[in-house]
Amino acid sequence: MGFFLEVLIGGLLAGVLYSLVALGFVLIFKASGVFNFAQGAMVLTAALALVRALDVFEQWHWPFAVALLSAFVFAAVIMAIIAWAAERLVLRKLVNQEGIILFMATIGVTFFLEGLSQSLFGADVYPLNVGLPKDPVFLLESLFDGGILVNELDIWAAVIAGLLVAGLALFFQRTRIGRALRAVADDHAAAQSVGIPLNQIWFIVWLVAGLVALVAGTVWGSKLGVQFSLSLLALKALPVLILGGFTSVPGAIIGGLIIGAGEKLAEVFLGPSMGGGIEIWFAYVLALLFLLVRPQGLFGERIIERV
Amino acid sequence: MIYREAGQYKASYQADQAIFPIAQDRLAMLALLVIAFLVVPFVASEYVYRAVLIPTVILSLAAIGLNVLMGYCGQVSLGSGAFMGIGAYAAYNLAIRLPFLNPFVCILLSGFVAAAVGIVFGIPSLRIKGFYLACATLAAQFFGDWAFLRVRWITNDTPSGSVNAPPLQLFGWDLSSPTANYLVALCFTVVLALGVKNIVRGHIGRQWMAIRDMDIAAEIIGVRPMYAKLSAFAVSSFLIGVAGAMWAFLYLGSWEPAAFDIGRSFTLMFMVIIGGLGSILGSALGAIFIVLLPIFLNQALPPLGAAVGWQISTATVSHFESMIFGALIVFFLVVEPRGLARLWSIGKEKLRLWPFPH
Amino acid sequence: MRTRKAALLGAALASAGMLAIAGAPGTAQAQNEQFIPSLVYRTGAYAPNGIPFADGAADYINMLNARDGGINGVKLVLEECETGYATDRGVECYERLKGKGPTGAAYFSPLSTGITFALTEKAPGDKIPLITMGYGRADSRDGEIFTWNFPLLGTYWTAANVAIQYIAKEWGGFDKLKGKKIALLYHDSPYGKEPIAALEVMSKKYGFDFLQIPVPAPGSEQKSQWLQIRQQRPDYVLLWGWGVMNSAAVTEAGNVNYPRDHMLGVWWSGAEPDVLPAGDKAKGYKALMLQHPAGKFAVHKDLEKYVVSQGKSMAKAEEVGQVLYNRGVINSMLGTESIRTAMAKFGNKPMTGEQVRWGIEHLNLTADRIKQLGFEGMIGPIKLSCVDHEGTRLSRVHQWDGKEWKVISDWFTGDDSILEPLVKATAEAYGKEKKITPRDCTKES
């Protein structure tokens, strides 16, 4: 029982980490209908910019807090430039194209960003330490033999994800820009006709997605070291995304929890009898099963088709 | 002037519905085939075969297969790499377990295995659409990756999970030379491409296109979505499976599951989109483009850099390669979202009026 | 709109013209040069491990050119080709580079088990030897079947055997292995699966439980695997990873409080990029050595004098002397010494692949010669033959103390009473499947 709980909690926490990546996808899809495959590359770029800037600032003997803050600002500026370029050079030119074409274009952006970030910041592995604790802790040791093992970093990640979602929710519900974003998500043409500047809105939403990528990159980078594999996290986020629905921020979190717990439980309890390594496809199959019941994901907007 | 169809009268429906109704097109196609079959074997070096021609020809077939599904039937699939793998491993198992079968028969039969699996993985498409379907097909991709590694029967209990193609022979001829590999691949691709061209012109193809354009409307006018979608999955998987078997037997020779990973799926998707959705010719153009571009960049960048006095390292080359590749894809999509095939037809239109455009 | 279309047509024409360039590998070459291709990966998920190896391999060749003017007056020409650890790109690189230079490629080092598998099929036809130092097919040490493969210095089965020997020694004898549980945490690819056959044999022989835990590539997420380890409580964990998987495994081991000094990595899991990202958690982690340790030896003086200080090296300052850098240096040394050996028989001119193979098969580096080359303390003596393409079965163990790798064991020798029958059996099966007539080594000089 103790072990089951441990796997469950571990899975839920891992799921939150996937959600962090999935959130960026949701934001952009919601506001511009673009399935942004480049989110993984954005995580990589943001993390690389952060860790390299931090290294440089520390070499200049800046106090850690100042160095860290400046590095975050530097990475955020980089993400802003990317958002601007994406809107200017890609989205604006491809307005009104089919979704699949836009999707392809973001894969092009992925290749571009992967090449750019590695040639600017290097292709090595860079350890990242932003002061997040990384030690394991044992809970409920009195109840179960050996206790339930949880990693502090994962807990912090969950807290950060929670804050992020709350922040985004407030941003969407309470601010002027948030309202504009929701309007654009609802209907481009109608939003434009009441005077909402589409291009600005797209820039803002890509910027916000870039900042979410920066947060995801920080957490994952602290966990694994900043390196190219961060770019592959996109593939782990996709089942989360389809399960939760492309258009729902809470869906990304709940989808992450279900996928995380589901795949870890499957790997640990079913895996050994099937030869192991099943979690990747299990996540997708799990998402697929949910889709068969609800084709637009758990919280996605209902697709209404008219002939 | 040279491309003028005036005076070419069609006296029968048959003539009007020919694949190439214009005489110049027929001639050009014929010339292309003659060059591909008769001239290339005399001029190509082994490097050109191995690095350029064989991959292009095989991947063209795979791209045509994916185009059937994406371009004609409108079902986005990211699992094509796995279907190439299914073809490869099916051919391998047929060759190992039924040693009396000729390897080329195995290649063809493997297509049917892939088609059967394709139908199974096509079932969710009856309910799920668009990007949800694209992501769902990743389930096929990752399940394939896993099965090729884990199910020991598939790899004939090889300890490492890496398998080899059997020696290629036909009626006692040794067909393992690059020229022979190329000709075999070309035969398969040309014959199957011709077959597909005829399928998409026929009633099945029209059903696919109706489903693509709007499935509910198609259903109302009497197209059975289940039949149309699953047949598209079957035909598409068949072609991709055959291409996968050729990729393994004719190109790699020995392979591991990573040869059919998700990167392969993306490459095929690029070919289809860059080439042009819903075009057989476009698939081939896309394959040529995507195979050649990295090789070209890889060879052209260092001399270019040296010319301006900059020593480019291997790492920089591949970073730049990645950047230019990404940028070019965006560029192409921006200027012509309908791909190279569309460019080709624009070019033809221009040629018809040339040299008097008004 | 019109100009756009025109520009596009131009682009289309240009892309058609690409065929001409893409199809023509450079041919113009000076006559007295030995061409050595180098398949590298400086980008992608495995780049952190690929970069130092590639730098070491290049620096040694450049050093020979700068110090000695090549080998016996024949200049060495190195060309890198980026594979990104992908098999099809590796094959493309091979096809492009195999015919370059006056005599073609001297040898290939694919640095990827997948590419090795693919090239094993092609090398015999092109008569180019494959030097797969410490990787590739374990059974390819059988020179009678695998005539062109050279897994120098060690195969994965040697590694598996030495690992078990080391564990037995730590516990105080092979009888102590009985009833214990040893887990193999491996990269889910032919590379990671290669040792399984040998470990299964040994598990039967010594009576330990053998637990296999695959990690799907690239291996950045290993939570469930380590939960399994926490549940099963193996007494030892063998780590068979590459790239990000290694550091992730060490980190997760820290997360579940698995004792790091009960983890033993293969030699591809025991370098600086594997432990640095894990920080303090890596302290105490152990790994096999492909004989050589980290650190600077006699040869590094020349490397620094002729290459690094001249600004001709791509390596960063701290990289020189790291584990994988040193491995690249050794890889080039073994290759160039083989060329030198071949020249002693065939004359001081560029060697063909076939002549280089003769050179590798007759490579005999004694302790004296190794000292002369500046590699004393890095590798033990190595002597190859037509039958034995591995040359030596020695290995040691080193441990990460939080700052650097420290050698903590004496030399171990792979136990041929276990390895030999295994190699014979699988090599024969391969030969039968491919219809290869084994070479008769007694007839060759």
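Broken down by element type, chain A carries eleven helices and two strands. Counted from the first residue to the last, chain A has its helices and strands arranged as α-α-α-α-β-β-α-α-α-α-α-α-α. In terms of overall size, chain A behaves like a compact globule, its C-alpha atoms giving a radius of gyration of 20 Å where 307 residues would be expected to give roughly 19 Å. By its C-alpha atoms, chain A is 65 × 60 × 35 Å across when sized along the principal axes. Burial statistics for chain A: of 307 residues in total, 57% are counted as buried. Of the contacts made within chain A by residues no fewer than 6 positions apart, 74% connect residues no fewer than 24 positions apart.

Let's shift gears to the overall build of chain C. When its secondary structure is counted, chain C shows 15 helices and 14 strands. Projected onto the principal axes, the alpha-carbon positions of chain C cover approximately 70 × 65 × 50 Å. Counting every position in chain C, which comprises 445 residues, the buried fraction comes to 61%. In chain C, of all internal contacts separated by at least 6 residues, the share reaching a separation of at least 24 is 71%.

Bringing the pairing of strand β2 (residues 75–82) of chain C into the picture now. All names here are of chain C. As paired strands, strand β1 (residues 33–40) and β2 are joined by eight bridges and run parallel to one another. Across the sheet, residue Val40 finds its bridge partner in β2, namely Glu82. Read from β1 through helix α2 (residues 47–68) to β2, the crossover connection turns out right-handed.

Listed per partner, the contact involves 37 residues of chain B and 43 residues of chain C. Elements with a minimum of two residues in the side of chain B that touches chain C: α3 (46–72), β4 (254–255), α12 (280–307), α13 (314–335) and α14 (339–353) of chain B.

Turning to the interface of chain C and chain A, a few remarks are in order. Note on interface size: it is often stated as the accessible area lost on association of the parts. On the side of chain A, 27 residues touch chain C, which itself brings 31 residues to the contact. At the level of secondary structure, the elements contributing two or more residues to the side of chain C that touches chain A comprise α2, β6 (209–215), α8 (223–232) and α9 (244–255) of chain C. If you tally residues by element for the side of chain C that touches chain A, the top one is α8(C), at six residues. Class assignment for the residues of the side of chain C that touches chain A results in 15 nonpolar, eleven polar and five charged.

Residues and elements named next belong to chain C. Overall, the prediction assigns chain C a mean pLDDT of 88, with 93% of residues at 70 or greater. At the level of individual helices and strands, chain C shows its lowest average pLDDT in helix α1 (residues 2–22), which scores 55, and its highest in strand β7 (residues 236–240), which scores 95. Scoring of the predicted complex yields 0.89 for pTM and 0.87 for ipTM.

All names here are of chain C. Axis separation between helix α5 (residues 156–171) and helix α15 (residues 416–434) bottoms out at 10 Å; the angle between their running directions is 150 degrees. Put simply, α5 runs roughly antiparallel to α15. Relative to α15, the crossing made by α5 is right-handed. Judged by residue contacts, Trp157, Thr158 and Asn161 of α5 engage Ile418, Leu419 and Leu422 from α15. When grouped by side-chain class, the residues that make up the contact of α5 with α15 number four nonpolar, two polar and no charged.

Quick look at the pairing of β7(C) now. Residue and element names in this part refer to chain C. The buried fraction of β7 amounts to five of the five residues, a majority that puts the element mostly inside the structure. Residue alternation in β7 divides its side chains into two sets, Tyr236, Leu238 and Trp240 and Val237 and Leu239, and both sets are buried. Two strands pair when backbone bridges link them, and strand β5 (residues 181–187) and β7 are joined in this way by five bridges, in the parallel orientation. Within β7, the residue paired with Leu184 across the bridge is Leu238. Alignment of β7 against strand β8 (residues 263–265), held across three bridges, turns out to be parallel. Paired with Leu239 across the strands is Gly265, a residue of β8. Once the chain exits β7 it traverses α9 before rejoining the sheet at β8, and the crossover so formed is right-handed.

Our next topic: the packing of helix α4 (residues 80–97) of chain B against helix α6 (residues 130–150) of chain B. Two packed helices can be described by the angle between their axes and the distance between those axes. Residue and element names in this part refer to chain B. In the contact formed by α4 and α6, the axes pass within 8 Å of each other and the chain directions differ by 35 degrees. Where α4 crosses over α6, the handedness of that crossing is left-handed. On α6, the residues touching Gly81, Ala82, Gly85, Ile86 and Tyr89 of α4 are Ala140, Gln141, Gly144, Asp145 and Phe148. In terms of residue class, the contact of α4 with α6 is built from five nonpolar, four polar and one charged.

What follows covers the environment of Leu132(A). All names here are of chain A. Looking at the element boundaries, Leu132 is found in the loop between α4 (99–121) and β1 (136–139). Taking C-alpha positions, Leu132 is 22 Å from Gly40, a pair spaced 92 residues apart along the chain. Residue contacts for Leu132: discarding those within four places in its chain leaves Leu153, Trp156 and Ser222.

Looking now at the environment of Leu98(B). Residues and elements named next belong to chain B. Structurally, Leu98 can be placed in the loop between α4 and α5 (103–122). By the C-beta count within 10 Å, which is 11 here, Leu98 ends up exposed. A C-alpha to C-alpha distance of 45 Å links Leu98 and Ile216, two positions 118 residues apart in sequence.

Looking now at the environment of Leu230(B). Residues and elements named next belong to chain B. As for its position among the elements, Leu230 is in helix α10 (residues 225–252). Separated by 83 residues in sequence, Leu230 and Ala147 have C-alpha atoms that sit 23 Å apart. Residues within four places of Leu230 in sequence aside, it is in contact with Ile119 and Gly122.

Further remarks concern unusual backbone geometry. Backbone geometry at Leu111(C) places phi at a positive 55 degrees, although glycine is not the residue there. Position of Leu111(C) among the secondary structure elements: in the loop between α3 (87–97) and α4 (113–126).

Criteria and thresholds
Residues numbered from 1 in each chain as written. Chains lettered and ligands numbered in written order. Predicted model: local features only at pLDDT ≥ 70, side-chain atom pairs only at ≥ 80, totals over all residues. Helix = DSSP H or I, 4+ residues; strand = E, 2+ residues; numbered from the N terminus. Rg over C-alpha atoms; globule rule 2.2 N^0.38 Å. Buried ≥ 20, exposed ≤ 12 C-beta atoms within 10 Å, placed from the backbone. Contact = placed C-beta atoms within 7 Å. Pairing = 2+ DSSP bridges. Right-handed = clockwise from strand over helix to strand, strands pointing away. Nonpolar A, V, L, I, M, F, W, Y, C, P; charged D, E, K, R; others polar. pLDDT = per-residue confidence, 0-100. Axes fitted to C-alpha atoms, helices over the stretch in contact; angles between N-to-C directions. Parallel < 35°, antiparallel > 145°, perpendicular 65-115°, else oblique. Left-handed = near helix turned anticlockwise from the far one by under 90°.

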